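Survey of secondary and tertiary structure
Single-letter residue listing:
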Amino acid sequence: QLIYRTPDLQKCAPDSILAAVIQAGSLGLDLSPSLGEAYLIPRWNSKAGVTECQFQPGYQGLAKLARQAGGINYLQARPVYHEDQFDLVYDPDLRLSHTPKIGDRGKVDYVYAVRKLATGEHLIEVMTTAEIEGIRNRSKSGQSGPWVTDWLEMAKKTVLKRLVKSLPRSTELAAAIDADNADYEFT
């Protein structure tokens, strides 16, 4: 069904589609776009001279795998718009206050992620739009695909990914992060 909805997937080498579907299934992530857990992304491989299908976890997929790793009571990423009221204090209690404005909120200034463990310990990660754009610019698909069509979801995934680095990782979460890192060019 996904192959028919995404015409560029029809250009992909069949074995790469199978490998990407198996990877999503092995992590327990659903490929339904409405769930946002995982995606099949067609990418041109200039070395092989073919279009290949690559698995990419979504924001909801990373959150799901982090929760499944255990001990997390709360895990959420949210945007902060220019007109919102936002205060963050980095003290031992890591206090955050975010009050969204009703109506026109302006442009996104920050995206943050919060996690709270069952023990009561919590951690907050905040990224500016400029920091997120810097990561987008290193992405092989930064000028197409979900970075263009679903920027906010990609921004939430980016800050969540940074936050989960501090969590105890399951094998599945580590594999999903590794798969997502394949989309970025590290220099």
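Everything discussed here concerns the structure shown above.
This structure is a prediction, so every number in the text was calculated from the model and none was measured. (Residues numbered from 1 in each chain as written. Predicted model: local features only at pLDDT ≥ 70, side-chain atom pairs only at ≥ 80, totals over all residues. Heavy atoms only, no water.)

**Side note on the overall build of the protein**
We count it as follows: Strands here mean DSSP runs of E at least two residues long; helices mean DSSP runs of H or I at least four residues long; both are numbered from the N terminus. Under the scheme applied here, a residue whose accessible area is under 20% of the maximum for its type counts as buried, over 50% as exposed, and between as partly exposed, the area being computed with a 1.4 Å probe on protein chains only. Contacts are assigned to residue pairs that have any heavy atoms within 4.5 Å of one another. Lys and Arg are tallied as positive, Asp and Glu as negative. Neither His nor the chain termini are counted. Lysine's charge is taken at NZ, arginine's at CZ, aspartate's at CG and glutamate's at CD.
Broken down by element type, the protein carries seven helices and seven strands. The N-to-C order of helical and strand elements in the protein reads α-α-β-β-α-β-β-β-β-β-α-α-α-α. Along the longest, intermediate and shortest principal axes, the C-alpha atoms of the protein span 50 × 35 × 35 Å. In the protein, buried positions account for 41% of the 187 residues. If you take every contact in the protein between residues at least 6 apart in sequence, the share linking residues at least 24 apart comes to 55%. Taking the 22 positively charged and 23 negatively charged side chains of the protein as two groups, their mean positions are separated by 1 Å.

**A look at helix α7 (residues 171-181)**
Heads up, the rule is: The directions considered for the arc run from the helix axis to the C-beta atoms.
Looking at α7, one finds that the buried residues are Leu-173, Ala-176, Ile-177, Ala-179 and Asp-180. Around the axis of α7, the buried residues are gathered within 160° of arc, so they sit on the same side. Of the residues in α7, the exposed ones pointing more than 90 degrees away from the buried face are Thr-171 and Asp-178. On its buried face, α7 is in contact with α2 (14-27), β2 (50-57), α3 (59-68) and α6 (151-164).

**Remarks on the packing of α3 against α7**
Spelled out, the test is: The convention used is that axes are lines fitted to C-alpha atoms, helices contributing only their stretch in contact, and that angles between N-to-C directions extend from 0 to 180 degrees. Note that the term roughly parallel is reserved for angles under 35 degrees, roughly antiparallel for angles over 145, roughly perpendicular for angles of 65 to 115, and oblique for everything else. Left-handed describes a crossing whose near helix is turned anticlockwise from the far helix through less than a right angle; right-handed describes the clockwise counterpart. All amino acids are sorted into three groups, where Ala, Val, Leu, Ile, Met, Phe, Trp, Tyr, Cys and Pro are nonpolar, Asp, Glu, Lys and Arg are charged, and the leftover types, Gly among them, are polar.
Look at α3 against α7: their axes get within 8 Å of each other, and the N-to-C directions meet at 155°. For the element pair α3 / α7, the angle class is roughly antiparallel. α3 and α7 meet at a crossing whose hand is left-handed. Of α7, the residues touching α3 (which contributes Leu-62, Leu-65 and Ala-66) are Glu-172, Leu-173, Ala-176 and Ile-177. Among the residues forming the contact of α3 with α7, the class breakdown is six nonpolar, no polar and one charged.

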